[in-house]
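Listed here are the chains, written in short residue letters.
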Amino acid sequence: MSGGVDSSVVAALCVEAGCETIGVTLQLYDDGAARARAGACCAGADIADARRVADRLGIAHYVLDYENAFRDAVIEDFADSYLRGETPVPCIRCNQTVKFRDLLAVARDLGAECLATGHYVRRIDGKHGAELHRGIDPAKDQSYFLYATTREQLEYLRFPLGGLTKSAVRAHATRLRLDVAAKPDSQDICFVPGGDYASVVRRVRPEADAPGDIVDYTGRVLGRHAGIVGYTIGQRRGLELGGLREPLYVVGLDAGRRQVIVGPRAALAVSGVTLADFNWLGDTAAAEPGGELVEVKVRSMAVAARARLTGSNERSLIFDEPEYGVAPGQAAVIYAGSRVLGGGTIASTVPVVQPEPAVSIA
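Residues numbered from 1 in each chain as written. Predicted model: local features only at pLDDT ≥ 70, side-chain atom pairs only at ≥ 80, totals over all residues. Heavy atoms only, no water.

Draft legend 1. Quick look at unusual backbone geometry. A positive phi angle is found at Arg 177, which is not glycine, with a value near 55°. Following the sequence through the fold, Arg 177 ends up in the loop between α7 (166–175) and α8 (197–204). Looking at Arg 177, the relative accessible area reads 64%, which means it is exposed. A positive phi angle is found at Arg 258, which is not glycine, with a value near 55°. When you line up the elements, Arg 258 lands in the loop between β9 (249–254) and β10 (259–263). The exposure class of Arg 258 is partly exposed, given its relative accessible area of 42%. (Helix = DSSP H or I, 4+ residues; strand = E, 2+ residues; numbered from the N terminus. Buried < 20%, exposed > 50% of the residue type's maximum accessible area, 1.4 Å probe, protein only.)

So this is what it looks like as structure tokens:
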């Protein structure tokens, strides 16, 4: 129970169904800015909201201090990923560790028959066991962030909101007289006030401010930067490079040389990616070399792209059409229709073309 409307409605629906229900809230961080920020979660007033809902429902409620675990597994991993020139997805890491590893263990210790959460995904019992599917509300679907859920975890988990729209959830909250019915959704990354991720990285890893060069693909120096943590692949604004004939984008980050590599938009196109930490939820073994045609999302709100899954020890995806703005550290999540088949962290990308050097107007 994060203190928001989604997990509050899940708890209330469990009680309404006659289940013995225990509410658990994880205190993940203690940030003054987050406490005061509308739309935050897992800190300050949100914990109080969760407790009030539990009291309203007449259920036991526990607040567990997971700040150290969250800092070690999520925040420091987030910072280190940026220092490596990657674009991490901390919500995936949080689900992998604190929520579906640590919290699930707490649920088992309490003797619970299942762990129910407020995620907008569906768990469907299939011929070969539990399957993970997209939520029916495309604006709220969270399946991208849960691809790393294991088969064993999925058997134990329940997602009561997966078949509902957000408006239906709020209607349930009103019907059940929960005072969080109109509470705003959490925004951005929960531990990044105002979306300023660079400031979080700098606080955790002060060396993130090491300056370096902005270069084209030949290594020609075009300018200077104040730390690669301020840049992501696909970025166009903030480069402050004048006198060029065409707009330039960040097409690569070389953490070892502290270089931001820029090029034209064409240089953002990739034909494929290699995957690390691969997780498979399909009924049969993932494809061997030769390729299995799948649908892939490389960002949570991206349109699914057609690709071929290849490899056995090292998994790769080869796109039917070039994808743009794909960065190491992101997740590539594999679907078959609404079902999540698995995915992995993007370890490297295969560019379509090698860009020409940047040309100045002079």
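Alright, that's what it looks like, and here's the rest.
Draft legend 2. Focus on helix α5 (residues 90–109). In this model, α5 (20 residues) spans 26 Å end to end at C-alpha, consistent with the 28 Å of a helix rising 1.5 Å per residue. Along α5, the largest kink reaches about 30° and is centred on Gln 96. Buried within α5 we find Pro 90, Ile 92, Cys 94, Asn 95, Thr 97, Val 98, Phe 100, Asp 102, Leu 103, Leu 104, Val 106 and Ala 107. Just past α5, the residue Gly 111 takes up positive phi, approximately 80°. (Expected span 1.5 Å × (residues − 1). Bend = angle between axes of the 7 residues up to and from the residue.)

Draft legend 3. Quick look at a nonpolar patch on the surface. A contiguous nonpolar surface patch, about 250 Å² in accessible area, is contributed by Ile 22, Tyr 62 and Leu 110. As for its placement among the helices and strands, Ile 22 is situated in strand β1 (residues 22–27). (Patch = residues over 30% accessible without salt bridge, like charges linked within 9 Å, V, L, I, M, F, W, Y side chains within 5 Å. Areas by Shrake-Rupley, 256 points an atom, 1.4 Å probe, with all protein chains shown as cover. Salt bridge = Lys/Arg side-chain N within 4 Å of Asp/Glu carboxyl O.)

Draft legend 4. The packing of aromatic side chains, seen in detail. Taken as a whole and judged by the stated rule, the model has 6 aromatic pairs. An angle of 20° between the planes, with centres 4.6 Å apart, marks the rings of Tyr 82 and Tyr 197 as stacked. Residue Tyr 82 is located in helix α4 (residues 67–83), and its partner Tyr 197 is located in helix α8; the two are separated by 115 residues in the primary sequence. Here Tyr 82 and Tyr 197 have matching classes, each one buried. Where Tyr 144 meets Phe 145, the ring centres are 5.4 Å apart and the plane angle is 85°; that geometry is what we call edge-to-face. Judged by relative accessible area, Tyr 144 falls into the buried class, the value being 4%. (Phe/Tyr/Trp six-rings, centres within 6.5 Å; stacked < 30°, edge-to-face > 60°.)

Draft legend 5. Geometry of the sheet that holds strand β7 (residues 212–215). Taken in spatial order, the 4 strands make up an open sheet running β8-β7-β10-β9, and their pairing is mixed. Where the open sheet ends on each side, the last strands, each with one partner, are β8 (221–225) and β9. Ignoring which end each strand starts from, the neighbouring axes of this sheet average 30° apart. The sheet contact formed by β7 and β10 spans 2 bridges and is parallel. The partner of Val 215 across the bridge, within β10, is Ile 261. (Pairing = 2+ DSSP bridges. Axes fitted to C-alpha atoms, helices over the stretch in contact; angles between N-to-C directions.)

Draft legend 6. How the structure looks around the confidence of the model for the protein. In the predicted model, the protein carries a mean pLDDT of 89, and the fraction of residues at 70 or more is 91%. Contacts from residues 32–37, a stretch scored under 50 in pLDDT, to residues over four places away or in other chains number 12 contacts. (pLDDT = per-residue confidence, 0-100. Contact = heavy atoms within 4.5 Å.)

Draft legend 7. Region of interest: the environment of Val 204. Within the fold, Val 204 resides in helix α8. A relative accessible area of 22% places Val 204 in the partly exposed class. Separated by 126 residues in sequence, Val 204 and Phe 78 place their C-alpha atoms 9.5 Å apart. Residues within four places of Val 204 in sequence aside, it is in contact with Ile 75, Glu 76 and Ala 79.

Draft legend 8. Broad picture of the environment of Arg 123. Its place among the elements puts Arg 123 in strand β4 (residues 121–126). Separated by 31 residues in the primary sequence, Arg 123 and Leu 154 place their C-alpha atoms 7.6 Å from one another. Apart from the residues lying within four places of it in its own chain, the contact partners of Arg 123 are Ala 130, Glu 131, Leu 154, Glu 155, Leu 157, Arg 158 and Phe 159. Here the side chain of Arg 123 touches Asp 125 through a polar contact of 3.0 Å, side chain to side chain. (Polar contact = N/O pair within 3.5 Å; in protein donor to acceptor, adjacent residues only side chain to side chain.)

Draft legend 9. Representation of the packing of α4 against α5 within the structure. Between α4 and α5, the least distance of the axes is 9 Å, while the angle of their chain directions is 165°. The angle between α4 and α5 places the two elements in the roughly antiparallel class. At the point where α4 passes α5, the crossing takes the right-handed sense. Facing Ala 69, Phe 70, Ala 73, Val 74, Asp 77 and Phe 78 of α4, the residues of α5 in contact are Pro 90, Arg 93, Cys 94, Thr 97, Val 98 and Asp 102. (Parallel < 35°, antiparallel > 145°, perpendicular 65-115°, else oblique. Left-handed = near helix turned anticlockwise from the far one by under 90°.)

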